[in-house]
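Structural characterization, general
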Amino acid sequence: MSSGKPARRYIVVLRGASGVRFRDGEAIPVSSDTPNGQVMMTLRTRHMNEGFSSPVPRDLWVEVAGTTESSLNDARQAYWTVAAKFLPLLAIATNAPIDDPEVSLAFAATEGETEHEFCQHLMRDETDLPTVGRGAPVQQLSELLEAVVASSDAVRLQRACAFYREALRYLKPGQDVLFVAFLWMAVEALTKVALRTACAANGCDEDQLVILWGLAPSRDDDEVFKQGKRKLDGDVRRRYIFHD
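I will try to describe carefully the structure that is included in this document. Predicted model only: the values in this text are computed from it and were never measured.

1. Quick look at the overall build of the protein chain
- Along its length, the protein chain carries seven helices and eight strands.
- Scaling as 2.2 N^0.38, a compact globule of 244 residues should have a C-alpha radius of gyration of about 18 Å, whereas the protein chain reaches 23 Å, well beyond that.
- With respect to the three principal axes, the spread of C-alpha positions in the protein chain is 75 × 50 × 30 Å.
- Relative to its 244 residues, the protein chain shows a buried fraction of 39%.
- Here the protein chain has roughly 14000 Å² of accessible surface; of this, 53% comes from carbon and sulfur atoms.
- Counting 28 positive and 34 negative side-chain charges, the protein chain places the averaged centre of each group 3 Å from the other.

This is the structure:
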């Protein structure tokens, strides 16, 4: 619903430490609908000239642009949220950790205006050795984003990716418990997706799948059937997630 305020164009730039690496000059555009209107994101790695023969890859750079009737402060928060939603997909596509980004710069960019609101958060540039990173497969990443957004299980898939991203952040000595805990949360988020996939692949419902997989001989004995159905989540994890 329109608030009656004139629509204004805002650009918000976020930066954060990341194990994901885009090549110099390489970027991926992502369009997304938000409560504040449609936005266009551009994700890239910031490459810095530091006196070496080649630019040095540093942090992840996310630029979010859109037109909305909201204030600059509201747009800044909304654009951060939509950017953060896509970072788990980037992490799972590259199997690399990504820290939460911070808003580095936000400003109004409405054409025809002579004055533009802006806010800037000065962030310390990395100056030590670059962190270990993994190259981002741009084409495959684009296909992954499209597939997840189009899926009827998009919410669960994004939740699973978010847990996996958190697990990657704890993949370090002494953090094994948290690493495994977040991995298991990702598995639990995927379980119902895997179950629906199994039912679709076998052309049956969950009750029929219990019998098909031999978890219960039939529905004649109600108690035996219930015991078998309680094993269904574990069996679908074994078959579809753990690939036993």
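2. What to know about the sheet that holds strand β3 (residues 28–34)
- Reading across from one edge, β3-β4-β5-β1-β6-β7 is the order of the six strands in this open sheet, with antiparallel pairing throughout. Looking along the sheet, the strands with just one partner apiece sit at the ends: β3 and β7 (118–120). Taken pair by pair, the neighbouring strands of this sheet meet at an average axis angle of 20°, ignoring direction.
- Contacting β1 (8–16), β3, β4 (37–48), β5 (56–68), β6 (102–108) and β7, helix α1 (residues 72–94) crosses the sheet at an angle of about 130° to β5.

3. Remarks on the layout of surface pockets
- Its volume calculated, the largest pocket comes out at about 200 Å³.
- Lining of the largest pocket is provided by A17, S18, G19, P97, D99, T131, V132, L168, R169, L171 and K172.
- Of the residues in the lining of the largest pocket, the class split is five nonpolar, three polar and three charged.

4. Comments concerning the packing of aromatic side chains
- On inspection of all chains with the given rule, the structure shows three aromatic pairs.
- Pairing Y170 with F182 gives two aromatic rings, centres 5.7 Å apart and planes at 5°, and the pair type is stacked. One end of the pair, Y170, is in the loop between α3 (154–169) and α4 (176–202); the other, F182, is in helix α4, and twelve residues separate them in sequence.
- Overall, Y170 belongs to the partly exposed group, its relative accessible area being 26%.
- Among the residues examined, F182 registers a relative accessible area of 17% and is labelled buried.

5. Section: the environment of A84
- Topologically, A84 is positioned in helix α1.
- Residue A84 is classed as buried on the basis of its relative accessible area of 14%.
- Along the chain, A84 and G135 lie 51 residues apart, while their C-alpha atoms are 20 Å from each other.

6. Describing the nonpolar core
- Counting 38 residues, the largest nonpolar core has F22, M41, L43 and V64 as its most contacted members.
- Per-element accounting of this core gives the leading share, eleven residues, to α1.
- Residues in contact with L43, not counting those within four places in the same chain, are F22, E26, A27, I28, V30, W61, V62, L87 and L90.
- Residues A198, V210, F225 and L232 belong to the second largest nonpolar core, which totals 13 residues.

7. Some details on the environment of R237
- As for its position among the elements, R237 is in helix α7 (residues 232–241).
- Note on R237: relative accessible area 15%, which makes it buried.
- In sequence terms R237 and F107 are 130 residues apart; their C-alpha atoms lie 47 Å from each other.
- Leave out the neighbours within four places in its chain, and R237 touches W184, V187, E188, T191, F242 and H243.

8. A few points about the packing of α4 against α7
- With their axes 8 Å apart at the nearest point, α4 and α7 run at an angle of 85° to one another. One element, α4, and the other, α7, form an angle in the roughly perpendicular class. Residues W184, V187, E188, L190, T191, K192, A194, L195, T197, A198, A201 and N202 of α4 pack against L232, D233, V236, R237, Y240 and I241 of α7.
- Of the residues belonging to the contact of α4 with α7, the class tally is eleven nonpolar, three polar and four charged.

Thresholds, definitions, all that
- Residues numbered from 1 in each chain as written.
- Predicted model: local features only at pLDDT ≥ 70, side-chain atom pairs only at ≥ 80, totals over all residues.
- Heavy atoms only, no water.
- Helix = DSSP H or I, 4+ residues; strand = E, 2+ residues; numbered from the N terminus.
- Rg over C-alpha atoms; globule rule 2.2 N^0.38 Å.
- Buried < 20%, exposed > 50% of the residue type's maximum accessible area, 1.4 Å probe, protein only.
- Areas by Shrake-Rupley, 256 points an atom, 1.4 Å probe, with all protein chains shown as cover.
- Lys, Arg positive; Asp, Glu negative; His and termini not counted.
- Charge placed at Lys NZ, Arg CZ, Asp CG, Glu CD.
- Pairing = 2+ DSSP bridges.
- Axes fitted to C-alpha atoms, helices over the stretch in contact; angles between N-to-C directions.
- Contact = heavy atoms within 4.5 Å.
- 1 Å grid on protein atoms, 1.4 Å probe; cavity = no way out; pocket = protein on both sides within 12 Å on 5 of 7 lines; lining within 4 Å.
- Points joined across faces, edges and corners; volume = space filled by probe spheres on them.
- Nonpolar A, V, L, I, M, F, W, Y, C, P; charged D, E, K, R; others polar.
- Phe/Tyr/Trp six-rings, centres within 6.5 Å; stacked < 30°, edge-to-face > 60°.
- Core = buried A, V, L, I, M, F, W, Y, C linked by side-chain atoms within 4.5 Å.
- Parallel < 35°, antiparallel > 145°, perpendicular 65-115°, else oblique.

Nothing here speaks to function; it is all geometry.
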